[in-house]
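Summary of structural features
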Amino acid sequence: MAAAGLLFVAFYAGGLLFAGDAYLRIQSNITYNVPALAALLLSIIPIRRSRGRERIGWICLAFLLACWQAGDWIVSYYDLVLDAGAPVPSYADVAYYVGYLGF
């Protein structure tokens, strides 16, 4: 973990010093989305290992994380591909609000 943290700090510092705004936008979107995606993928493990009410709780958490990821990737799409801020309301908001059903 320490090596990954140092690697991240090195790339971030390099981006601040040598790269432009586009690199930092890409890096910030990846930094924000990838750990949450890992949480979603790791929430699948207890679903397979649990039973009953505990399993329902894990399924609801995974659903919430999946909706959150959908909303975040939509916002990233607006930022990286369309080079604009996400409109309000947008499809990302729909994904976030649907996620509350799992909560």
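Placed above this text is the structure.
Everything in this summary refers to the structure shown in the same document. (Residues numbered from 1 in each chain as written. Predicted model: local features only at pLDDT ≥ 70, side-chain atom pairs only at ≥ 80, totals over all residues. Heavy atoms only, no water.)

1. Describing the pattern of salt bridges
Put simply, the rule is: Any carboxyl oxygen of Asp or Glu within 4 Å of a side-chain nitrogen of Lys or Arg constitutes a salt bridge here. Secondary structure elements follow DSSP: runs of H or I of four or more residues count as helices, runs of E of two or more count as strands, with numbering from the N terminus. Burial status follows relative accessibility: with a 1.4 Å probe on protein chains alone, a residue under 20% of its type maximum counts as buried, one over 50% as exposed, and anything between as partly exposed.
Going through the model one piece at a time under the given rule, you end up with two salt bridges. The closest approach of N and O atoms between Arg25 and Asp79, which form a salt bridge, is 3.3 Å. Pair noted here: Arg25 is in helix 2 (residues 21–49) and Asp79 is in helix 3 (residues 52–80), with a separation of 54 residues, a long-range link. Take Asp79: its relative accessible area is 23%, and that puts it in the partly exposed class. Residue Asp83 is joined to Arg25 by a salt bridge in which the shortest nitrogen-to-oxygen separation is 3.0 Å. With Asp83 in the loop between helix 3 and helix 4 (91–99) and Arg25 in helix 2, this pair connects stretches of sequence that are 58 residues apart. Salt bridges here are not isolated pairs; linked through shared partners, they connect Arg25, Asp79 and Asp83.

2. Observations concerning the packing of aromatic side chains
Quick reminder of the rule: Each Phe, Tyr or Trp ring (for Trp, its six-membered ring) is paired with any other whose centre lies within 6.5 Å, and the angle between the two planes then decides the class: stacked below 30 degrees, edge-to-face above 60, tilted in between.
This model, assessed by the stated rule, comprises two aromatic pairs. An angle of 70 degrees between the planes, with centres 6.3 Å apart, marks the rings of Tyr77 and Tyr78 as edge-to-face. Note on Tyr78: relative accessible area 16%, which makes it buried.

3. Considerations on the packing of helix 2 against helix 3
What counts is decided by this rule: Angles shown run from 0 to 180 degrees and are taken between the N-to-C directions of axes, each axis being a line fitted to C-alpha atoms and, for helices, limited to the stretch in contact. Orientation labels follow simple angle bins: below 35 degrees gives roughly parallel, above 145 gives roughly antiparallel, 65 to 115 gives roughly perpendicular, and whatever is left gives oblique. Two helices crossing with the near one rotated counterclockwise from the far one by less than a right angle form a left-handed crossing, whereas a clockwise rotation gives a right-handed crossing.
Here helix 2 crosses helix 3 at 160 degrees, and the two axes come no closer than 9 Å. Considering their axes alone, helix 2 and helix 3 lie roughly antiparallel with respect to each other. In this structure, helix 2 crosses over helix 3, and the sense of that crossing is left-handed.

4. Concerning the packing of helix 3 against helix 4
Convention followed: Any two residues having at least one pair of non-hydrogen atoms within 4.5 Å are treated as being in contact. Gly is placed with the polar residues, together with every amino acid not listed as nonpolar (Ala, Val, Leu, Ile, Met, Phe, Trp, Tyr, Cys and Pro) or charged (Asp, Glu, Lys and Arg).
Look at helix 3 against helix 4: their axes get within 8 Å of each other, and the N-to-C directions meet at 170 degrees. Relative to helix 4, the element helix 3 is oriented roughly antiparallel. Only Tyr91, Ala92, Ala95, Tyr96, Val98 and Gly99 of helix 4 make contact with helix 3, whose side of the interface consists of Phe63, Leu64, Cys67, Trp68, Ala70, Gly71, Asp72, Ile74 and Val75. Counted by class, the contact of helix 3 with helix 4 contains twelve nonpolar, two polar and one charged residues.

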